[in-house]
Amino acid sequence: MDDFQSGEETAFVVDEVTNIIKEAVEGSIGGNAYQHNKVNQWTSSVVEQCLNQLTKLSKPFKYIVTCVIMQKNGAGLHTASSCYWDNQTDGSCTVRWENKTMYCIVSVFGLAI
Amino acid sequence: MADRKAELERKKARLEQMRRERKEKELSKTRNVGDDSKTSVKSSGSDASGAEPDDILREFGISPAPEGSPATPKKAAAQSQAVKEVEVPTSVSHTTPRKVRLSVAKVNETSIPPRENVSYSKETQTIIADPVDKDARGPWDYYDDDNDLDFIENLEGSSSHAHQFRGHGHSHGHGHTHKMPHVEMVAPATTSEEQNKEHKKPVPELSEEEKKQILMSEGFQKFFDHSSRIVERALAEEVDIFADYSGKDSGGKDDEAMAGERLKVNRDFYDDKWSKHRIITSLDWSAQHPELLLSSYGSNEDATNVPDGVALIWNIKYKKDTPEYVFHCQSPVMSSCFAKFHPNLVLGGTYSGQIVLWDNRVNKRTPVQRTPLSASAHTHPVYCITVVGTQNAHNLISVSNDGKLCSWSLDMLSQPQDSMELQHKQSKSVAATCSSFLSGDANNFIVGSEECLVYSASRHGSKAGINEAYDAHQGPITAIDTHRVPGQIDFSPYFLSSSFDWTVKLWSIKEQKYLCSFEDNSDYVSDVQWSPTNPALFSSVDIMGRLDLWHLNHETEVPTASVVVDTNVALNKLRWHQTGHHIGVGDDMGRIYIYDVAENIANPKADEWSKFVRTLQEMKQQATEREEDSTLLGSAAPIR
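Labelled according to an unreviewed UniProt entry, chain B appears under the name Cytoplasmic dynein 1 intermediate chain 2, originating from Littorina saxatilis. What UniProt records for chain B under Sequence similarities (unreviewed entry) is the sentence "Belongs to the dynein intermediate chain family." As recorded by UniProt, the Subcellular location (unreviewed entry) comment attached to chain B reads in full: "Cytoplasm, Cytoskeleton".

An unreviewed UniProt entry annotates chain A as Dynein light chain Tctex-type 1 of Littorina saxatilis. The Subcellular location (unreviewed entry) field of the UniProt record for chain A holds the comment "Cytoplasm, Cytoskeleton".

As structure tokens, this is what we get:
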């Protein structure tokens, strides 16, 4: 009972975080086409928005947010990550978003305090 | 219940004590802080005495400040308390150790596949005329240390500057240790010719076998045969630039003065390889191509490896002096003729009795068809072959030396259609040496034999075989020729015969006795033939090299024109050209002479025929007188 309760309160909820990320990305680069001079701003804003929303959750978590924006040029991209943590409490979430001209991959790692 | 309440109250009391203690501590701290703040405020207030609103503000600020100052410590205390309160529960929570189980999480992978580039490319390859230079360098090779030397050497052309560069190149090449583009003086420009020399690879040499193979291939042979003819003709052609059509040079054509011009050598045919030392055994002109002359040759006793029988076709139209076609077979060819109705076929009768057929369409020099050497065909030399009949119904008639006459179909030489023994009285075979069919007649013919007799014979009919014998010659008959000049008057019963008895005799088949004897020759007369165009003209050759032209309307005692070909040769055969303007004469050394007959003699005049009739009548008269003389001689004393 305690664990379950603690899980509810202090566990990484993937769906919730996924929604936060999606909103952040949509908000930042929603209908834009890839522009090299603006990509810097976009990545920063995505990360900041994500983080703000996550902290608003007021959960006892440490968050790590990464954002990758890649222009659609026909190249391939491959990333992988692995973590050594407490699987019960900690978790990660990766969202892959794309439009006609670019890919955006946002990863959030949440580590329970 | 009471215990619990008591415990709770004790805990509360303890908590309150702890709180008070902390408060006191903090109050003491904050007082110090507050005094400091007061003093600072006052000092600041004393400084700014001038400004009233400032004073008021400060007073407000100060007034609330002292209020604040005691308040702030409170607040601070409260805050600290709050913090402490907060801290307390947290510290309380921290005091209980939390179990932390760490483990490796699942690997997160993100992958974006590359775009599949569908590309379409079409390449064309030009035909490489010259193979690519082996030493061609790519752009990356110049950075390679080892190749520096070769690169420099390639730059050099065949110019004299090359040697200087070699020296440079060596030093530079060895000096380079780092891979950098090699910078050097530019080589002098080489012309495209020199470059071509460099880059041209040697044409691959064919081995002997390959060359032979190509030479033997059928396509090459055909091409070579065809084109070599054309080239030969072209090379031999000479144009006479002095042709004068006004006839000034030649003067008036006078019969007497132009006696020497009546027979003039046009050219001669002789092939060193094929006709040397061979006796010419027969001549024949082609009916379809009047410029082609067929000549057959006997064996060459001097040479051993050459075939015994040779037949050559010569061309008088072109000046080339090699035969158009060369045919040979294994036995000496005794007689030959063009197949009259087949322009491509050449027939030859050989010493062995075999009749051979050559075809000039195939690229073969040997016969395409041969008659069998069996008793059904001939076993003796075939001295006479002729093609008689018409286009659709013709036969090859051959008479061999044993008196056998065979008729053949040209399609099938494997067996004769018909054969007949020519026998004269008491089954005595005729040793035929020559024959001639009557003009326009495929049935009746004249045969001359070695027994000095001339026979008339027929192939079919009730009188098949030998009919008449004409006895006058004292030597074997060498040639027979029947008259065949077409005209209003038909002289076909008349024929000529020549023999070893130095005479030529004119006969009519209706008469047992000859009409006229021409005895101007002083040696064997080897051949005689009527002119094909002039009814009163015939020609004869003898083995002293003499060619005679007899024009009976002019002279019957001596030849109208006579020319000696060469004292050393014996003329064996003669043949008039269809036009009557040329005579082909063959000797026993393999040489053929073509003589031009002067036109005033060769061409018959309008009254030639009637004159000839009169001539013949005169001859007849003389003949009868002769007969009477001889009978009288035989019987009684001569009339004087």
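**Observations regarding the overall build of chain B**
When helices and strands are tallied, chain B shows 10 helices and 30 strands. For chain B, buried positions account for 39% of its 640 residues. A separation of at least 24 residues holds for 51% of the contacts in chain B among residues at least 6 apart in sequence. When the accessible surface of chain B is totalled, it reaches about 37900 Å², and 53% of it is carbon and sulfur.

**Some details on the overall build of chain A**
Scanning chain A from N- to C-terminus turns up 3 helices and 5 strands. Start at the N end of chain A and walk to the C end: the helices and strands fall as α-α-α-β-β-β-β-β. Counting every position in chain A, which comprises 113 residues, the buried fraction comes to 39%. For chain A, long-range pairs separated by at least 24 residues make up 72% of all intrachain contacts whose partners lie at least 6 apart in sequence. For chain A, the computed accessible surface area is about 6500 Å², with 49% contributed by carbon and sulfur atoms.

**A word on the interface of chain A and chain B**
Taken together, the contact between chain A and chain B spans 24 residues of the former and 17 residues of the latter. Where chain A touches chain B, the interface holds 0 salt bridges. The tally of links between chain A and chain B comes to 7 residue pairs in polar contact (both at pLDDT 80 or more). Of all elements in the fold, only strand 2 (77-81), strand 3 (84-85), strand 4 (91-98) and strand 5 (102-112) of chain A reach the threshold of two or more residues within the side of chain A that touches chain B. With 5 residues, the top contributor of residues to the side of chain A that touches chain B is strand 2 of chain A. Residue composition of the side of chain A that touches chain B, grouped by class: 11 nonpolar, 11 polar and 2 charged. The sheet contact formed by strand 2 of chain A and strand 2 (residues 108-112) of chain B spans 5 bridges and is antiparallel.

**Points about the packing of aromatic side chains**
Across all of its chains, the model carries 20 aromatic pairs over all chains by this definition. With centroids separated by 5.6 Å and ring planes inclined at 20°, the aromatic side chains of Phe 327 of chain B and Trp 358 of chain B adopt a geometry described as stacked. Of the two residues, Phe 327 of chain B sits in strand 7 (residues 325-329) while Trp 358 of chain B sits in strand 10 (residues 355-359), which places them 31 residues apart along the sequence. Of the residues examined, Phe 327 of chain B reaches a relative accessible area of 1% and is grouped as buried. Ring centres of Phe 491 of chain B and Tyr 494 of chain B lie 6.3 Å apart, and the angle between their planes is 50°; this geometry places the pair in the tilted category. The pair formed by Phe 491 of chain B and Tyr 494 of chain B is uniform in burial state, with each residue classed as buried. Every member of this aromatic cluster is reached through a ring pair, and the members are Phe 491, Tyr 494, Phe 518, Trp 530, Phe 538, Trp 550 and Phe 612 of chain B. The lysine or arginine in question, Lys 72 of chain A, covers the ring of Tyr 103 of chain A, its NZ or CZ lying 5.0 Å from the ring centre.

**Focus on the pattern of salt bridges**
Side chains bearing opposite charge may pair, as long as their charged atoms lie close to each other. All names here are of chain B. Applying the stated criterion to the full structure yields 18 salt bridges over all chains. Of the charged contacts, one joins Asp 225 and Arg 229 as a salt bridge, the two residues approaching to 3.4 Å between their closest N and O atoms. Taken together, the positions of Asp 225 and Arg 229, both in helix 8 (residues 218-236) and 4 residues apart, correspond to about one turn of that helix. The class of Asp 225 is partly exposed, set by a relative accessible area of 29%. Under the relative-accessibility criterion, Arg 229 is labelled buried at 11%. Between Arg 546 and Asp 548 there is a salt bridge, and its shortest N-O distance comes to 2.9 Å. Residue Arg 546 is classed as buried on the basis of its relative accessible area of 16%.

**Examining the confidence of the model for chain B**
All names here are of chain B. Of the residues in chain B, 74% have a pLDDT of 70 or more, and the chain-wide mean is 78. Counting interchain partners and residues more than four positions distant, the pLDDT-below-50 stretch residues 39-50 has 7 contacts. Below a pLDDT of 50 lies the segment residues 64-93, which in the model reaches 32 contacts outside its immediate sequence neighbourhood of four places, other chains included.

**Things to note about the sheet that holds strand 16 (residues 432-437) of chain B**
Within a beta sheet, neighbouring strands are joined by backbone hydrogen bonds and run either parallel or antiparallel to one another. All names here are of chain B. Read from one edge to the other, the open sheet built from 4 strands follows the order 16-17-18-19, with strand pairing classed as antiparallel. Looking at which strands have only one partner, the edges of the open sheet turn out to be strand 16 and strand 19 (465-471). Taking the axes of each pair of neighbouring strands and ignoring which way they run, one obtains an average angle of 25° across the sheet. Bridge count for strand 16 against strand 17 (residues 444-449) is 5 bridges, and the pairing is antiparallel. Looking across to strand 17, one finds that Cys 434 is bridged to Gly 448.

**Some points on the sheet that holds strand 11 (residues 369-370) of chain B**
Residues and elements named next belong to chain B. Spatial strand order, 8-9-10-11: 4 strands in an open sheet with antiparallel pairing. Each end of this open sheet is capped by a strand with a single partner; those strands are strand 8 (333-338) and strand 11. By the bridge criterion, 5 bridges tie strand 9 (residues 345-350) to strand 10 in an arrangement that is antiparallel. Across the sheet, residue Val 346 finds its bridge partner in strand 10, namely Trp 358.

**Topic: the packing of helix 2 (residues 14-29) of chain A against helix 3 (residues 36-56) of chain A**
Residues and elements named next belong to chain A. Relative orientation of the contacting elements helix 2 and helix 3 amounts to 145°, with a least axis distance of 9 Å. Judged by the twist between their axes, the crossing of helix 2 over helix 3 is right-handed. Along its contact with helix 2, which presents Val 17, Ile 20, Ile 21, Glu 23, Ala 24, Val 25, Ser 28 and Ile 29, the element helix 3 presents Trp 42, Ser 45, Val 46, Gln 49, Cys 50, Gln 53 and Leu 54. Of the residues contributing to the contact of helix 2 with helix 3, the split by class is 10 nonpolar, 4 polar and 1 charged.

**Let's talk about the nonpolar core**
Within the largest apolar cluster, 25 residues are counted, with the highest numbers of intra-cluster contacts made by Ile 21, Val 25, Ile 29, Ile 69, Cys 104, Val 106 and Val 108 of chain A. Listed by contribution, the elements that provide at least two residues to this core are helix 2, helix 3, strand 1 (61-71), strand 4 and strand 5 of chain A. Broken down by element, the residue count for this core peaks at 6 residues, all from helix 2 of chain A. Other than its neighbours up to four places away in sequence, Val 25 of chain A contacts Gly 30, Val 46, Trp 97, Cys 104 and Val 106 of chain A. Counting residues in hydrophobic clusters, the runner-up holds 21 residues, among them Val 485, Leu 515, Ala 536 and Phe 538 of chain B.

Definitions and limits used
- Residues numbered from 1 in each chain as written.
- Chains lettered and ligands numbered in written order.
- Predicted model: local features only at pLDDT ≥ 70, side-chain atom pairs only at ≥ 80, totals over all residues.
- Heavy atoms only, no water.
- UniProt positions renumbered as here; feature names shortened; annotations may be inferred.
- Helix = DSSP H or I, 4+ residues; strand = E, 2+ residues; numbered from the N terminus.
- Buried < 20%, exposed > 50% of the residue type's maximum accessible area, 1.4 Å probe, protein only.
- Contact = heavy atoms within 4.5 Å.
- Areas by Shrake-Rupley, 256 points an atom, 1.4 Å probe, with all protein chains shown as cover.
- Salt bridge = Lys/Arg side-chain N within 4 Å of Asp/Glu carboxyl O.
- Polar contact = N/O pair within 3.5 Å; in protein donor to acceptor, adjacent residues only side chain to side chain.
- Nonpolar A, V, L, I, M, F, W, Y, C, P; charged D, E, K, R; others polar.
- Pairing = 2+ DSSP bridges.
- Phe/Tyr/Trp six-rings, centres within 6.5 Å; stacked < 30°, edge-to-face > 60°.
- Lys NZ or Arg CZ within 6 Å of the ring centre and 35° of its normal.
- pLDDT = per-residue confidence, 0-100.
- Axes fitted to C-alpha atoms, helices over the stretch in contact; angles between N-to-C directions.
- Left-handed = near helix turned anticlockwise from the far one by under 90°.
- Core = buried A, V, L, I, M, F, W, Y, C linked by side-chain atoms within 4.5 Å.

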